[in-house]
Amino acid sequence: MPGKVLNLSSPEGLEEFFRALKEFGFFALHDETYRLILIEGKVDYFGCYGNDKLNIAIWNGDKKMNIMRDTNHYKISLMSPDKYKEFILPKYIVIEYRESRLAIEY
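My aim in this report is to walk through the structure given alongside it, one point at a time. Bear in mind the structure is a predicted one, so any value in this text is a computation, not a measurement. (Residues numbered from 1 in each chain as written. Predicted model: local features only at pLDDT ≥ 70, side-chain atom pairs only at ≥ 80, totals over all residues. Heavy atoms only, no water.)

### Brief notes about the pairing of strand 3 (residues 36–40)
- Strand 3 sits mainly inside the fold: 4 of its 5 residues count as buried.
- Where strand 2 (residues 28–31) lies against strand 3, 4 bridges are found, and the strand directions are antiparallel. Looking at the pairing, Asp31 lines up with Leu36 of strand 3.
- Hairpin geometry of strand 2 and strand 3 is characterised by an intervening segment of 4 residues between the two adjacent antiparallel strands and by a positive phi of about 50 degrees at Arg35.
- The sheet contact formed by strand 3 and strand 10 (residues 101–105) spans 5 bridges and is antiparallel. Counted as the bridge partner of Leu36 is Glu105 from strand 10. (Buried < 20%, exposed > 50% of the residue type's maximum accessible area, 1.4 Å probe, protein only. Helix = DSSP H or I, 4+ residues; strand = E, 2+ residues; numbered from the N terminus. Pairing = 2+ DSSP bridges.)

### Section: empty space enclosed by the protein
- The full count for this structure, using the stated rule, is 1 cavity of 30 Å³ or more.
- Considered as a void within the structure, the largest cavity measures approximately 30 Å³ in volume.
- Looking at the largest cavity, the residues that line it are Asn7, Leu8, Ser9, Leu89, Pro90, Tyr92, Ile93 and Tyr106.
- When grouped by side-chain class, the residues that make up the lining of the largest cavity number 6 nonpolar, 2 polar and no charged. (1 Å grid on protein atoms, 1.4 Å probe; cavity = no way out; pocket = protein on both sides within 12 Å on 5 of 7 lines; lining within 4 Å. Points joined across faces, edges and corners; volume = space filled by probe spheres on them. Nonpolar A, V, L, I, M, F, W, Y, C, P; charged D, E, K, R; others polar.)

### Description of the pattern of salt bridges
- Counted under the stated rule, the structure contains 9 salt bridges.
- Each of Glu23, Lys83 and Lys85 takes part in one network of salt bridges that share partners. (Salt bridge = Lys/Arg side-chain N within 4 Å of Asp/Glu carboxyl O.)

### Points about the packing of aromatic side chains
- Tallied over the entire structure, the rule returns 1 aromatic pair.
- Judged by centre distance (6.0 Å) and plane angle (75 degrees), the ring pair of Phe17 and Phe87 falls under edge-to-face. Separated by 70 residues along the polypeptide, Phe17 in helix 1 (residues 11–23) and Phe87 in strand 8 (residues 84–90) bring together distant segments of the chain.
- What makes Phe17 buried here is its relative accessible area of 0%.
- Since its relative accessible area comes to 3%, Phe87 is described here as buried. (Phe/Tyr/Trp six-rings, centres within 6.5 Å; stacked < 30°, edge-to-face > 60°.)

### Here's the deal with the side chain of Asn66
- Here Asn66 is to be found in strand 6 (residues 63–69).
- For Asn66, the residues in contact, after removing those within four places along its chain, are Asn55, Ile56, Ala57, Lys75, Ile76, Ser77 and Met79. (Contact = heavy atoms within 4.5 Å.)

### Some remarks on the nonpolar core
- In this structure, Phe17, Ile39 and Met65 are the most contacted members of the largest nonpolar core, which totals 26 residues.
- Listed by contribution, the elements that provide at least two residues to this core are helix 1, strand 3, strand 5 (53–60), strand 6, strand 7 (73–79), strand 8 and strand 10.
- If we ignore the near neighbours within four places in the chain, the residues touching Met65 are Leu21, Phe26, Ile39, Ile56, Ala57, Ile58, Ile76, Ser77, Leu78 and Leu102. (Core = buried A, V, L, I, M, F, W, Y, C linked by side-chain atoms within 4.5 Å.)

### Section: the sheet that holds strand 6
- Read across the sheet, 6 strands follow the order 1-8-7-6-5-4 without closing on themselves; strand pairing throughout is mixed. Of all strands in the sheet, those bounded by a partner on one side alone are strand 1 (4–5) and strand 4 (42–49).
- Alignment of strand 4 against strand 5, held across 7 bridges, turns out to be antiparallel. Pairing of Phe46 across the sheet is with Ile56, part of strand 5.
- Most of the contacts of helix 1 go to strand 8, to which it runs at about 145 degrees, and overall it touches strand 1, strand 6, strand 7 and strand 8. (Axes fitted to C-alpha atoms, helices over the stretch in contact; angles between N-to-C directions.)

Below is the structure:
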């Protein structure tokens, strides 16, 4: 099943994303002024491939967040032993790692 397309600029999309992060045990901070989400977790893997490919894996105990970017969008997968959720975010947002936190600027 393909992931759900989220618009983080809408209150509903933002609320759904934070609800999923909490459900999978990821702690996140939101700065509305800078339209920034900071997610805590141990980055286990960070790889760039070619011009547009990116793969980041973040672990929190037995729960994992995987972020992949291809030429058209980001795919964020949240996984635990008994659950799985997937979201699609537009490519124009910025996702990067900043000193112990994953930053998403939308």
